[in-house]
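# Working through the structure, step by step
Residue-level listing of the chains:
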Amino acid sequence: MENTQPPAETVDPNQMFRVALVSADIEALSVLPSPLAPADLIEVKKNDWGRLGQLASAQNWRWAGAWAEDLGTEFSMCACLQKQGRYLILRTDLPADNPALPSHAPYYWTADRMERHIRDLFGIRFTDHPDPKRWTRHKAWGETAYPLRKDFPAQGHPAPETPPDNDYPFLKAQGASVYEIPVGPVHAGIIEPGHFRFQAVGETVLHLEERLGYVHKGIEKIAEGRDPVGLLKLAGRVSGDTTVGHAWAACMAMERAAGVEIPLRAAYIRGILAERERVINHVWDLGALCNDVGFAAGYYQFGRLRELWLRENRALFGHRLLMDKLVPGGVAADIPPEAAGRMRDSTVSLRRELDELLPILDANSSLEDRFLTTGVLSCELASALGALGFVGRASGQTFDARRDAPYSPYDRLKVRVPVETQGDVASRFWVRYKELRAALRLIEQMLAELPSGKLAAEWQTPAEDAEGFAAVEGWRGEILCYVRFGAEGRISRYWPRDPSIINWPALEKLVMGNIVPDFPVCNKSVNGSYSGHDL
Amino acid sequence: MLRLYGKIFRTGMLTERVPTVPREEAVEREGARLKAVIDKRFRGSLAIRQVDAGSCNGCELEIHALNNVYYNVERFGVHFVASPRHADILLVTGPVSRHMEAALKRTYEATPDPKWVIAVGDCGVCGGEFGVSYASCGAVSEVIPVDLAIPGCPPTPLDLLRGLLSLFVNPK
Ligand code: SF4
């Protein structure tokens, strides 16, 4: 099934939400014009925060993220909702001493970890949060130290040695023949660190609890005080495999804050870079999924195709992973006609290779055996979790920011969004495969239409306090970004939201009832970024 | 199945020639000596345990690429192993997040002597874009002894391969 159009809807969802607020006697101020456009901004009282979550959930808004800010005399707290391609940001202020407000976690699973992250880093309490456990904080800073407060120095006050985080209260299962398997943080492969705690009976997983935060590098904190170029260097390293995606989101948020319009040629080149990133990562994931079920031939074939594109990146753009190719106001890489011709050739040959691999993969019973019905995420659960990207789209969630909340250049392109409803590893495999093909088509279309013009607009230093919000569709799914400038065009707040923080909980759910040996392939089929989650 | 075999045969062998370190007399001499040491001590097989101690995952992508058909490091006798207890070399990417400090030290302790540590990527070498902060210890050498640094953001597979070879010609 393939959706090419967003669902037709006549009523503006933001309007409906405002009507609901009035009916619930909730005092709310629509900030006009919205400083976070195209997202709308509504300011509310902190005591109404919980009811807003409840209302939004009743109206089927997707809860997309939350961030806080230390404004000196007070804190501000924002939650981002999305429905039918419209973004709505709720904002409230909290007193600086003993800040507390009701939680959104009772209404949205997704709010759970993000609110715990905010509590660990800002010391904002969520009074009715169902899970009191810390999340991002291990043992690198104390329980009453809050790194994202402005009076906390970026250097912190680290102990000579950070002790291991060995007293996290994992859920325990009791009973005859129930046993526990601790895995990580150092895993058995070339992979990022994190901890998984399984409760199992025989081979069956009863429960999985993820413990992440091992690669927390203080990204939000060390962003403060950077200039736009410096922020982009950092944004490009939030998750190395999504360097274009995060750099684009950061650029867009900063450009909106500064009121800079980028040249159309730059938008197209960003689009081409982003689609190349999508192609390369999907090709890699397809290979890795083959590898996780012992189909080495698939692993080597996809690995070969990936390497060809990485080399082409290096030849055409000077970097295999495309790091640092975006600049504030545009791009730092051009696509001369020879390069366009070369890229066209490589899309044609990749498509030919995929055509050849498709029947091999499709007819391979060992893949079928391991992929089908493994790691099922039902459409209902995917919707409740707000699952993004290929994880969501393999389970009936159709959202794709490129099509549903389009930004330049996608507002001029036809973006096909493959969707499946089976929700198993096979679905996630095939959705990637189809997305890969759709990305090739987009690259061809963008190359054909590549407008002439400048590569970058002149940067204008934004006013102090200027803020911007952006949503772009990275290869893993929707990436959000919020930026606020301080004095002299320096960053005072940077909040990147990788799709991984939304999708990680899906793994806990979809692995239940599966056998322990299928965990690697389940994990790979979701492929969350640890770095993008831990920040 | 025939299709699969067809694809495999048509793809053929793609593995490229060994990129060698520059041919200098001293290098050749040291290399020959070290080769003898490695052949004797490692019996021609070198085991690497990769440890991500806080990277952005970019370095991991390029380390992975060492195993693709173009680089195919296994042919040099280099294997990526699942446990530090089987490893001769720790290939560590950084910066070392404070939350990974204890795990990295334990991994180091779990690796039997003699062992070598290679810090990979600008982050592993000097802290890179993340530097030292409340959350980051910076360079790998801040946490465990490092024998060799391979800079780059990320270093390419070729850089990694050259780095590995240079470890052999500059023994500790
Ligand atoms: S060196 Fe570069 S690619 Fe490697 S972890 Fe650091 S930022 Fe990422």
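None of these values were measured; they are calculated from a predicted model.

## Details of the overall build of chain B
Looking only at helices and strands, chain B features six helices and five strands. Burial analysis of chain B (172 residues in total) assigns 59% to the buried set. Taking the contacts inside chain B whose residues are at least 6 apart along the sequence as the reference set, 80% of them involve residues at least 24 apart. Summing over all exposed atoms, chain B offers an accessible surface of approximately 7,700 Å²; the carbon and sulfur share of this is 55%.

## A look at the site of the ligand
Taken together, 13 residues are adjacent to the ligand, and Cys56, Cys59, Asp122, Cys123 and Cys153 of chain B come closest. Near the ligand, the surrounding residues belong to chains A and B. Elements supplying a minimum of two residues to the shell around the ligand: α3 (58-65) and α5 (121-126) of chain B. When residues in the shell around the ligand are grouped by element, the largest group, three residues, is from α5 of chain B. The residue inventory of the shell around the ligand, partitioned by class, reads six nonpolar, five polar and two charged.

## So, the UniProt feature "domain: NADH:ubiquinone oxidoreductase 30kDa subunit" (unreviewed entry) in chain A
In this structure's numbering, the residues bearing the UniProt feature "domain: NADH:ubiquinone oxidoreductase 30kDa subunit" (unreviewed entry) are residues 72-157 of chain A. Between the end C-alpha atoms of residues 72-157 of chain A the distance is 21 Å, and the span holds 14% helix and 28% strand.

## Examining the UniProt feature "domain: NADH:ubiquinone oxidoreductase-like 20kDa subunit" (unreviewed entry) in chain B
Cross-referencing UniProt, the feature "domain: NADH:ubiquinone oxidoreductase-like 20kDa subunit" (unreviewed entry) maps to residues 56-166 of chain B in the present numbering. Along residues 56-166 of chain B, the helical share is 31% and the strand share 14%, with 25 Å between the first and last C-alpha atoms.

## What to know about the sheet that holds strand β9 (residues 178-183) of chain A
Residues and elements named next belong to chain A. An order of β9-β10-β11 is seen for the three strands of this open sheet, with the pairing classed as antiparallel. Each edge of the sheet is formed by a strand with only one pairing partner; in this case those strands are β9 and β11 (204-211). Going from strand to strand, the sheet's axes swing by 20 degrees on average, the running direction of each strand aside. The strands touched by helix α15 (residues 500-510) are β10 (195-201) and β11; relative to β11, the strand with the most contacts, the crossing angle is about 160 degrees.

## Examining a nonpolar patch on the surface
Residues and elements named next belong to chain B. Taken together, the side chains of Met1, Leu2, Tyr5, Ile8 and Phe9 make up a nonpolar region of the molecular surface, amounting to roughly 640 Å² of accessible area. Following the sequence through the fold, Ile8 ends up in helix α1 (residues 2-11). The class of Ile8 is partly exposed, set by a relative accessible area of 36%.

## Considerations on the sheet that holds strand β2 (residues 78-80) of chain B
Strand pairing within a sheet occurs via backbone hydrogen bonds; the two strands may be parallel or antiparallel. All names here are of chain B. What the five strands build is an open sheet, ordered β2-β1-β3-β4-β5; its pairing is parallel. Looking at which strands have only one partner, the edges of the open sheet turn out to be β2 and β5 (148-150). Direction aside, the axes of adjacent strands within the sheet are offset by 25 degrees on average. The strands touched by α3 are β1 (46-52), β2, β3 (89-93) and β4 (116-120); relative to β3, the strand with the most contacts, the crossing angle is about 140 degrees. Helix α4 (residues 101-110) rests against β1, β3 and β4 of the sheet, and its axis sits at about 165 degrees to β3.

## Structural notes on the packing of helix α7 (residues 264-292) of chain A against helix α9 (residues 337-362) of chain A
Residue and element names in this part refer to chain A. It is the contact of α7 with α9, at a shortest axis distance of 13 Å, that shows an interaxial angle of 25 degrees. The angle between α7 and α9 falls in the class roughly parallel. Where α7 crosses over α9, the two elements pack in a sense that is left-handed. Seen from α7, the contacting residues are Ile272, Arg276, Val279, Val283 and Cys290; seen from α9, they are Met343, Ser346, Leu350 and Leu361. Of the residues assigned to the contact of α7 with α9, the class counts are seven nonpolar, one polar and one charged.

## A closer look at the pattern of salt bridges
Residues and elements named next belong to chain A. On inspection of all chains with the given rule, the structure shows 56 salt bridges over all chains. Residue Lys139 is joined to Asp167 by a salt bridge in which the shortest nitrogen-to-oxygen separation is 3.1 Å. Within this pair, whereas Lys139 is found in the loop between β8 (125-126) and β9, its partner Asp167 is found in the loop between β8 and β9, the two being separated by 28 residues in sequence. Under the relative-accessibility criterion, Lys139 is labelled partly exposed at 27%. Its relative accessible area of 48% is what places Asp167 among the partly exposed residues. The partner of Arg276 in a salt bridge is Glu312, with the nearest N and O atoms 3.0 Å apart. Of this pair, Arg276 sits in helix α7 while Glu312 sits in helix α8 (residues 296-317); the two residues are 36 residues apart in sequence, bridging distant segments of the chain. No difference in accessibility class separates Arg276 from Glu312, as the two residues are buried. Salt bridges sharing common partners tie together Glu275, Arg278, Arg393, Asp400, Arg402, Glu435 and Glu473.

## With respect to the packing of aromatic side chains
Residue and element names in this part refer to chain A. Using the criterion set out here, one finds 24 aromatic pairs over all chains in the structure. Ring geometry for Tyr168 and Phe170: centres 5.0 Å apart, planes at 70 degrees, overall edge-to-face. This pair shows no difference in class: Tyr168 is buried, exactly as Phe170 is. Arranged with centres 6.4 Å apart and planes meeting at 45 degrees, the rings of Trp459 and Phe485 form a pair that is tilted. With a gap of 26 residues between them, Trp459 in the loop between α14 (425-449) and β15 (467-474) and Phe485 in strand β16 (residues 477-485) connect regions that are remote in the sequence. For Trp459, a relative accessible area of 24% gives the class partly exposed. Judged by its relative accessible area of 0%, Phe485 falls in the buried class.

Conventions used here
- Residues numbered from 1 in each chain as written.
- Chains lettered and ligands numbered in written order.
- Predicted model: local features only at pLDDT ≥ 70, side-chain atom pairs only at ≥ 80, totals over all residues.
- Heavy atoms only, no water.
- Helix = DSSP H or I, 4+ residues; strand = E, 2+ residues; numbered from the N terminus.
- Buried < 20%, exposed > 50% of the residue type's maximum accessible area, 1.4 Å probe, protein only.
- Contact = heavy atoms within 4.5 Å.
- Areas by Shrake-Rupley, 256 points an atom, 1.4 Å probe, with all protein chains shown as cover.
- Near = heavy atom within 4 Å.
- Nonpolar A, V, L, I, M, F, W, Y, C, P; charged D, E, K, R; others polar.
- UniProt positions renumbered as here; feature names shortened; annotations may be inferred.
- Pairing = 2+ DSSP bridges.
- Axes fitted to C-alpha atoms, helices over the stretch in contact; angles between N-to-C directions.
- Patch = residues over 30% accessible without salt bridge, like charges linked within 9 Å, V, L, I, M, F, W, Y side chains within 5 Å.
- Salt bridge = Lys/Arg side-chain N within 4 Å of Asp/Glu carboxyl O.
- Parallel < 35°, antiparallel > 145°, perpendicular 65-115°, else oblique.
- Left-handed = near helix turned anticlockwise from the far one by under 90°.
- Phe/Tyr/Trp six-rings, centres within 6.5 Å; stacked < 30°, edge-to-face > 60°.

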